[in-house]
Amino acid sequence: MPSTERRYGGRTADERREERRARLLDAGHELFGTTGYAASTIEAVCGEASLNARYFYEQFRHREELLRAVYIRQAWRVLEAVRNALEAEEDPRRRLEAGLRCFV
């Protein structure tokens with residue numbers, strides 16, 4: 001049965017919401033890493049993401065929640081990179097070195 005969900009730009013509302021969330025996470029990552037958390041206002045994050053504050057509050061209750069989400073996403077990215085480095089080596093010593101190099 002075909003979906004009756006309205007599409008805009010070829011994407012569903014959920015897809016657009018996820019894309020906006022990713023843009024906010026990217027903006028938070030950039031600003032927290034360059035300007036610092038204390039100096040990164042919600043307005044600055046929204047400006048970096050080219051979104052208005054309405055979309056920020058659709059995803060997050062406050063800046064701390066965005067910081068937590070940025071941290072968790074980055075931790076998963078590091079874990080995945082280390083896992084890939086470990087899987088690329090069969091020799092235990094090389095595996096350890098590859099995993100540590102990737103993490104550090």
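Here, every reference points to the structure presented above.
Residues numbered from 1 in each chain as written. Predicted model: local features only at pLDDT ≥ 70, side-chain atom pairs only at ≥ 80, totals over all residues. Heavy atoms only, no water.

Undergrad: Would you mind showing me how to read a nonpolar patch on the surface here?
TA: On the surface, Tyr71, Ile72, Trp76 and Leu79 cluster together into a nonpolar patch covering about 470 Å² of accessible area. Relative to the helices and strands, Trp76 resides in helix 4 (residues 63-87). (Patch = residues over 30% accessible without salt bridge, like charges linked within 9 Å, V, L, I, M, F, W, Y side chains within 5 Å. Areas by Shrake-Rupley, 256 points an atom, 1.4 Å probe, with all protein chains shown as cover. Salt bridge = Lys/Arg side-chain N within 4 Å of Asp/Glu carboxyl O. Helix = DSSP H or I, 4+ residues; strand = E, 2+ residues; numbered from the N terminus.)

Undergrad: What should I look at first to understand the environment of Leu25 in this one?
TA: Within the secondary structure layout, Leu25 lies in helix 1 (residues 13-34). A relative accessible area of 8% places Leu25 in the buried class. Taking the C-alpha atoms as reference, Leu25 lies 23 Å from Arg83; in sequence the two are 58 residues apart. Once residues lying within four places of it in the same chain are set aside, the contact partners of Leu25 are Phe60, Leu66, Ala69, Val70 and Arg73. (Buried < 20%, exposed > 50% of the residue type's maximum accessible area, 1.4 Å probe, protein only. Contact = heavy atoms within 4.5 Å.)

Keep in mind these numbers describe shape, not what the thing actually does.
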